[in-house]
Amino acid sequence: MSEESNKRQGAADVPAVEIVGMHKWFGEFHVLRDINLTVARGERIVICGPSGSGKSTMIRCINRLEDYQRGRVAVDGVLLTNDLKRIDEVRREVGMVFQHFNLFPHLTVMENLTLAPIWVRKMPKKEAEDIARHYLERVRIPEQAHKYPGQLSGGQQQRVAIARALCMNPKIMLFDEPTSALDPEMVKEVLQTMVELAESGMTMLVVTHEMGFARQVADRIVFMDEGQILEINAPAEFFANPKHERTKLFLSQILH
Amino acid sequence: MGAQAFVRSETIPAMPPPAREHGLAGWLREHLFSGPLNIALTLLSVLFLWWLVPTLLNFLIFDATWTGDDRAACIVTAERPRVGACWPFVFERINFFIYGFYPANERWRVDTFFVLLAIGIVWLLASWAPGKRAAALYFFVVLPVLSVMLLLGFAPLRLSYVPTSLWGGILVTVVVSAVGIVFSLPLGVILALGRRSSMPAVRLFSIVFIEFVRGVPLITVLFMASVMLPLFVPEEWSPDKLLRALIGVALFAAAYMAEVVRAGLQAIPRGQYEGAQALGLSYWQMMGLIILPQALRITIPNIVNSNIALFKDTTLVFIVGIFDFLRTIEAARIDPKWATPVTSTTGYAFAAIFYFLCCWMMSRYAKSVERRLATGHRR
């Protein structure tokens, strides 16, 4: 870890993620409208809302898989601009887990995990493999290290994807609907891994429809609709006493 | 309802399938005689083979002449009304077909080159051969240097200089094809990436190059390389005639290869790019480690297909005065010593067999790769 990042970590007042007045358009379509969100270090945020509300687009702006047209996004004090160097710097510190895992099918699980530490962090292969084994242990699939992703179940693949992101030792983890593409039986094992991760103090932003997970883990829940944040609230308050009409409607539809 | 629920208490043992659905009879029924159209096609095919195969075998083997010293052995006489292929002609001129005008006592150098090339191809392509990284180093670095030293000459090893104007036959065909195939792939990859680049200048150059080269025949490219280039460049700067043709063929093949590779790149889902980007990989790391290995793997059958086409297109170098394999046969078949009605046919049959074997081996390789990809877990 470089001196510079240590210094930044020392400055406790720098938020993990700071989004101020962000707007984004897809062509003519105004997908994100005036997004303001500050995430403190170690905070767990769950983002929910109907499909098409811009949840995924918003968290994809945090590691610049999407760019934005107005406002600003700073990750760990680093302002995201078009500067490729800064984008790479931020991506090294932000892990991401996708709905469709996006594992590399031509590499083994072990190679998937060690690729970025070796090539991006310039870590010796031996050290990268030790770290990979540690995280495979943590997501409870150490025995699958030499298989290819195609040989694993969906739940196992998603846990490999989580381990792959953790191998980069990120400061922030983004989850983009991590359980939406899984069979119902496998949702639980992935959520369990995420709960353990949350308990370890990781800063997390999770887009999900799993309200049980939100209730159990989230510090704050963000409700989005039509590209806007309508409500930010603590879980107990959010479920028991939603402020916004749209939130009430949404909750009545997904909680039975 | 509940009282009638059916619950099986034992597993039924597996039974063999009905006899008419497997075995020889089942296979014949399913593949050759499954309906009126299929029966008609089967009969037509049998009739066609009935007509073709005996004619071919008679000409190539049963009526063929196998020994002799000149045309007398292969002409029609009263005792021999039907004459097939005149193989002594091919046997006598085989060295010319293989080496062209390469000096006779230096031909071992060409043989060594063929052996080195064969080792490289097998080492690089056979799935059971170990050390692919070393194989690539050998094939793309060591082999080209060795080949130039061997074929062209290298004074320190007392290999005398053999100008390319003396090269010919299978040697030239193999050299032109190998250079075209080996250089077209990396050039094609670069052009394909350029065409998908977000930088307008790079993209424009790639598109113009690809579309221009694809828009003109190979003959035009070869003419440009061999006739036009010397007009613009002073004589002493102008490279060797064969080298000019090699560059022309490589650039021509690269444009086609670029489109093949681009199709492969397009087949890689966006998630792979995003997965790589999210880990902080740079553009070249993402392409080199994640995207290209997958894209090239699924493109191998198409790459081989392009290479088969290129292999046969190399015969066109004869129009700029290079003695490739087909040209040596053209030159030999009008030799008065072997002037018989079957000499030309024999020469062309020999050429056909050579080209067929080479192309067939390439397509077998593509097929085996396809099978490996279909069953393999690497996708």
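See the structure shown above.
In this text, all values refer to a predicted model and were calculated from it rather than measured experimentally.

Chemist: I'd like a rundown of the sheet that holds strand 2 (residues 29-39) of chain A, residues and numbers included.
Modeler: Residue and element names in this part refer to chain A. Strand order in the open sheet formed by four strands is 2-1-4-5, and the pairing between neighbours is antiparallel. Across the chains shown, the open sheet's two edge strands, defined by having one partner strand only, are strand 2 and strand 5 (78-79). Two strands pair when backbone bridges link them, and strand 4 (residues 70-75) and strand 5 are joined in this way by two bridges, in the antiparallel orientation. Looking at the pairing, V75 lines up with V78 of strand 5. Sitting on the sheet, helix 2 (residues 55-62) touches strand 1 (17-26), strand 2 and strand 4, and the angle it makes with strand 1 is about 120 degrees.

Chemist: Could you give me a rundown of the sheet that holds strand 7 (residues 172-176) of chain A, with the residues and numbers involved?
Modeler: All names here are of chain A. Read from one edge of the open sheet, six strands run 6-7-8-3-9-10, paired in mixed fashion. Of all strands in the sheet, those with a lone pairing partner are strand 6 (94-97) and strand 10 (228-233), marking the two edges. Taken over all neighbouring pairs, the strand axes of this sheet differ in orientation by 15 degrees on average, direction set aside. By the bridge criterion, four bridges tie strand 3 (residues 44-48) to strand 8 (residues 203-207) in an arrangement that is parallel. The residue bridging R44 from the neighbouring strand is M204, located in strand 8.

Chemist: Can you tell me about helix 11 (residues 283-313) of chain B, naming the residues and giving the values?
Modeler: Along an α-helix, a turn takes 3.6 residues, which lines up residues three or four apart on a common side. The end-to-end C-alpha distance of helix 11 of chain B is 36 Å, clearly below the 45 Å that 31 residues give at a rise of 1.5 Å each. Its axis deflected by about 55 degrees at I300 of chain B, helix 11 of chain B carries its strongest bend there, up to four residues before the proline P301 of chain B.

Chemist: Any details on the environment of V109 of chain A? Residues and values, ideally.
Modeler: Residue and element names in this part refer to chain A. With respect to the secondary-structure elements, V109 resides in helix 4 (residues 109-119). The spatial distance from the C-alpha of V109 to the C-alpha of G71 is 39 Å, given a sequence separation of 38 residues. Those residues in contact with V109 that sit more than four places away from it in its chain are L136, Q144, A145, K147, L152 and V160.

Chemist: I'd like a description of the nonpolar core, backed by residues and values.
Modeler: Counting residues in hydrophobic clusters, the biggest one holds 68 residues, and the most contacted among them are F97, Y102, F113, L151, W167, L171 and F325 of chain B. Per-element tally for this core: the top contributor is helix 9 (residues 241-266) of chain B, with nine residues. Excluding anything up to four places from it in sequence, F325 of chain B contacts F97, G169, I170, T173, F350, A351, F354 and Y355 of chain B. One finds A132, L136, A198 and M211 of chain A within the second-largest nonpolar core, a separate group that totals 47 residues.

Chemist: Pulling in residues and values, what's your account of helix 7 (residues 200-215) of chain B?
Modeler: Residue and element names in this part refer to chain B. The end-to-end C-alpha distance of helix 7, which contains 16 residues, comes to 22 Å, matching closely the 22 Å that a straight helix rising 1.5 Å per residue would cover. Turning to helix 7, its buried residues are S206, F209, I210 and V213. In an axial view of helix 7, the angular spread of the buried residues amounts to 90 degrees, which keeps them on one side of the axis. Of the exposed residues in helix 7, those oriented more than 90 degrees away from the buried face are P200, A201, L204, F212 and G215.

Chemist: Could you give an account of a nonpolar patch on the surface, naming the residues involved and the relevant values?
Modeler: Residues and elements named next belong to chain B. The grouping of F48, L49, W51, V53, L57, I61, F62, W66 and F91 at the surface amounts to a nonpolar patch, some 950 Å² of accessible area in total. Here the element with the most residues in the nonpolar patch is helix 2 (residues 36-62); it accounts for seven residues. Here W66 shows up in the loop between helix 2 and helix 3 (87-99). The partly exposed category is assigned to W66, whose relative accessible area is 43%.

Chemist: Before we move on, can you summarise the pattern of salt bridges with the specific residues and values?
Modeler: Residue and element names in this part refer to chain B. Overall, the coordinates contain 29 salt bridges over all chains when judged by the stated rule. D335 is paired through a salt bridge with R93; the nearest N and O atoms lie 3.0 Å apart. Taken together, the positions of D335 in the loop between helix 12 (325-333) and helix 13 (343-375) and R93 in helix 3 put the pair 242 residues apart, joining distant regions of the chain. For E106, the salt bridge identified is with R109, shortest N-O distance 2.7 Å.

Chemist: Go over the packing of aromatic side chains, please, and point to the residues and values.
Modeler: For the coordinates displayed, the defined rule picks out 25 aromatic pairs over all chains. On the basis of an interplanar angle of 85 degrees and a centroid distance of 5.1 Å, the ring pair of Y283 of chain B and W284 of chain B is categorised as edge-to-face. Note on Y283 of chain B: relative accessible area 37%, which makes it partly exposed. Taken together, F89, F96, F97, F101, F311, F323, F325, W338, F350, F354 and Y355 of chain B form an aromatic cluster joined through their ring pairs. Over the ring of Y68 of chain A we find R64 of chain A, and its NZ or CZ is 5.5 Å from the ring centre. Cation over ring: R215 of chain A sits above F239 of chain A, and NZ or CZ is 4.3 Å from the ring centre.

The rules behind the values
Residues numbered from 1 in each chain as written. Chains lettered and ligands numbered in written order. Predicted model: local features only at pLDDT ≥ 70, side-chain atom pairs only at ≥ 80, totals over all residues. Heavy atoms only, no water. Pairing = 2+ DSSP bridges. Helix = DSSP H or I, 4+ residues; strand = E, 2+ residues; numbered from the N terminus. Contact = heavy atoms within 4.5 Å. Axes fitted to C-alpha atoms, helices over the stretch in contact; angles between N-to-C directions. Expected span 1.5 Å × (residues − 1). Bend = angle between axes of the 7 residues up to and from the residue. Core = buried A, V, L, I, M, F, W, Y, C linked by side-chain atoms within 4.5 Å. Buried < 20%, exposed > 50% of the residue type's maximum accessible area, 1.4 Å probe, protein only. Arc of directions from axis to C-beta. Patch = residues over 30% accessible without salt bridge, like charges linked within 9 Å, V, L, I, M, F, W, Y side chains within 5 Å. Areas by Shrake-Rupley, 256 points an atom, 1.4 Å probe, with all protein chains shown as cover. Salt bridge = Lys/Arg side-chain N within 4 Å of Asp/Glu carboxyl O. Phe/Tyr/Trp six-rings, centres within 6.5 Å; stacked < 30°, edge-to-face > 60°. Lys NZ or Arg CZ within 6 Å of the ring centre and 35° of its normal.

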